[in-house]
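Listed below, chain by chain, are the residues.
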Amino acid sequence: MENKKKVAFYTLGCKLNFSETSTIARNFQEEGFDRVDFEEVADIYVINTCSVTENADKQFKQIVKKAMKLNDKAFVAAVGCYAQLKPEELADVDGVDLVLGATEKFKITDYINDLSKNDMGEVHSCEIEEADFYVGSYSIGDRTRAFLKVQDGCDYKCTYCTIPLARGISRSDTMDNVLKNAKEISQQGIKEIVLTGVNIGDYGKGEFGNKKHEHTFYELVQSLDKVEGIERLRISSIEPNLLKNETIDFVSKSRTFVPHFHIPLQSGSNTILKKMKRRYLRELYFDRVAKIREVMPHACVGVDVIVGFPGETDELFLETYNFLNELDISYLHVFTYSERDNTEAATMEGVVPGNVRAKRSKMLRGLSVKKRRAFYESQLGTDRTVLFEGENKEGYIHGFTENYVKVKTPWNPELVNTLHDINLTRIDDDGSVRMEFLSVEV
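From a predicted model like this one, the values you see are computed outputs, not experimental measurements. (Residues numbered from 1 in each chain as written. Predicted model: local features only at pLDDT ≥ 70, side-chain atom pairs only at ≥ 80, totals over all residues. Heavy atoms only, no water.)

For this particular structure, what's the right way to read the nonpolar core?
Considering soluble globular proteins, one finds that nonpolar side chains tend to be buried as a cluster. Judged by nonpolar contacts, the single largest core of 50 residues is most densely connected at Leu148, Leu195, Phe217, Leu224, Leu324 and Leu364. Ranked by residues supplied to this core, first place goes to helix α7 (residues 175-186) with five residues. When near neighbours in sequence (up to four residues on either side) are disregarded, Leu324 contacts Leu265, Val303, Val305, Ile329, Leu332, Leu364, Leu367 and Lys371. By size, the runner-up hydrophobic cluster in this structure holds 24 residues, among which are Ala56, Ala67, Tyr82 and Leu90. (Core = buried A, V, L, I, M, F, W, Y, C linked by side-chain atoms within 4.5 Å. Buried < 20%, exposed > 50% of the residue type's maximum accessible area, 1.4 Å probe, protein only. Helix = DSSP H or I, 4+ residues; strand = E, 2+ residues; numbered from the N terminus. Contact = heavy atoms within 4.5 Å.)

What follows is the structure in structure tokens.
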């Protein structure tokens, strides 16, 4: 075949986006395209957008500019959440030829016919009500772990969030298809699978296009644990009200599921949680962490938290700070609240000034550093298993233990994508942990 067309991808945002980009890329490869790095000259640049990150539009413009610099005749397509929410805005950006919303992004190869630059970005974004079918996807080939999507969309109506507007109703992959994808991944020598979705604890809802729960998340976890060839399974982020004790107990005894939970809290103040329309209060969150600690004292527990939500006074922020300070958790992901169109919170009173939001964010980031350090210190002297990544960073190879401690050791290409039993010895200047191998094979 003469010159194959080249396609390059750029992904903003979450693990789910990474898994979807990978699936879209495989569709292109099946159609005879060559996938190249985003830094290279390509005929088509596909940008998978995110509506959650700060400055989503600014970031997007910079990426388009970069693509145009590499090849000003390239065809540029925007897909994903931001493309669904603000399609016209993205279509107006110089150089953008195609904008595809939630239902169309997986059919992108149908839209790319003659690859001629459009004077004006073409928009195909559905009414979000139409986003009711499920496209399974997983990412592979980028790293030592794969992200396996099991669920999409969300039926929760949190007052700050645009995800239901960008991704539609909660719906799930069928159990058979998830297990089939998991087997495919394990056959490719990938050692770790991260389960991902918008609200994965809701797994099973809409599995057969209806609102009934055909299976539960707990049943999914039990079935995946039996798939042969998988060394490690990690649950990405799960809502506290959907993380049931039976799941926590199962993970503690599981063959493959690792002791690492990432549980969004968003606020440690019940007043704010109610304004956010979260489906739990801080007492339930406390109980979840206590349960994890009871059966897995060495588990890693990560927390999402939002600062600067409307109505968050100094007193209410301190409720969050003190709650987190006293909670036995391992690290925080801190988000500074930012107004989103068409959300309830955008019109609420009690707007917190930008400089106050920034200050609170800094305080919690400082707390996160302290928490991670304390967690790492608590793990020194213990025996763990590490999965090494593929990158040579300044003469070192890094990896993560099952309970998400970041370790480093001098670079050795033979270690890439291999699992080893190690002992954690000391914390290095850069915050990662040094280690000794327990077996003599290296």
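Sorry, what's going on with the packing of α7 against helix α8 (residues 217-224) here?
Two measures define how a pair of helices packs: the angle their axes make with one another and the distance between the axes. Two numbers describe how α7 lies on α8: the axes approach to 11 Å, and their chain directions differ by 35°. When the axes of α7 and α8 are compared, the crossing they make is right-handed. Counting all contacts with α7, which are made through Met175, Val178, Leu179 and Ala182, the residues of α8 involved are Glu219, Leu220, Ser223 and Leu224. Across the contact of α7 with α8, the residue classes break down as six nonpolar, one polar and one charged. (Axes fitted to C-alpha atoms, helices over the stretch in contact; angles between N-to-C directions. Left-handed = near helix turned anticlockwise from the far one by under 90°. Nonpolar A, V, L, I, M, F, W, Y, C, P; charged D, E, K, R; others polar.)

Even after reading the chapter, I still don't get unusual backbone geometry, so can you show me in this structure?
Most peptide bonds adopt trans geometry, and most residues besides glycine take a negative phi value. In this model, Gln266 sits at a positive phi of 75°, which is unusual for a non-glycine residue. Judged by relative accessible area, which is 8%, Gln266 ranks as buried. At Asn417, a residue that is not glycine, the phi angle is positive and equals roughly 60°. Its location among the elements puts Asn417 in the loop between β17 (406-410) and β18 (419-427). Of the residues examined, Asn417 reaches a relative accessible area of 19% and is grouped as buried.

Explain the environment of Val301 to me, please; I cannot follow it from the model alone.
Mapped onto the elements of the fold, Val301 is located in strand β13 (residues 300-307). Note on Val301: relative accessible area 0%, which makes it buried. Taking the C-alpha atoms as reference, Val301 lies 40 Å from Glu30; in sequence the two are 271 residues apart. Apart from residues no more than four positions distant in its own chain, Val301 is found in contact with Phe261, Ile263, Val289, Ile292, Arg293, Ile329, Ser330 and Tyr331.

Mind showing me how you'd approach the sheet that holds strand β14 (residues 331-336) here?
Think of a sheet as strands paired side by side through backbone hydrogen bonds, with each pair either parallel or antiparallel. The three strands are arranged β12-β13-β14 in an open sheet whose pairing can be described as parallel. Each edge of the sheet is formed by a strand with only one pairing partner; in this case those strands are β12 (260-266) and β14. Sheet twist, expressed as the mean angle between neighbouring strand axes with direction ignored, is 20°. (Pairing = 2+ DSSP bridges.)

Would you mind showing me how to read helix α9 (residues 245-253) here?
Side chains of residues three or four places apart in an α-helix project in the same direction, reflecting 3.6 residues per turn. Among all positions of α9, only Thr247, Ile248, Phe250 and Val251 are buried. For α9, the arc enclosing every buried residue in end-on projection is 165°, short of the 170-degree limit, so these residues lie on one face. Residues of α9 that are buried sit in contact with α8, β11 (232-235), β12 and α11 (282-295). (Arc of directions from axis to C-beta.)

Is there a simple way to think about the pairing of β12 in this case?
One face of the sheet, then the other: side chains in a regular strand alternate in exactly this way. Taking burial as the measure, the seven residues of β12 include seven buried ones, the bulk of the element. Residues His260, His262, Pro264 and Gln266 of β12 are buried on one face, and the alternating residues Phe261, Ile263 and Leu265, pointing to the opposite face, are buried as well. In terms of strand pairing, β12 meets β13 through six bridges, oriented parallel. Its bridge partner being in β13, Gln266 is matched across the sheet by Val305.

Which parts of the structure should I look at to understand the pattern of salt bridges?
Once their charged atoms are close, side chains differing in charge can pair, the charge on each being opposite to the other. Taken as a whole, this structure holds 30 salt bridges when the rule is applied. Linking Lys73 and Asp72 is a salt bridge whose minimum nitrogen-to-oxygen distance equals 3.7 Å. (Salt bridge = Lys/Arg side-chain N within 4 Å of Asp/Glu carboxyl O.)

Please explain the sheet that holds strand β10 (residues 192-196) as it appears in this structure.
With respect to topology, three strands assemble into an open sheet ordered β7-β10-β11, the strand pairing being parallel. The open sheet has two edge strands, β7 (145-149) and β11, and neither has a second partner. For this sheet, the mean inter-axis angle between neighbouring strands, taken without regard to orientation, is 25°. In this structure, β7 lies alongside β10, joined through five bridges in parallel fashion. Residue pairing in the sheet places Phe147 in a bridge with Val194 of β10.

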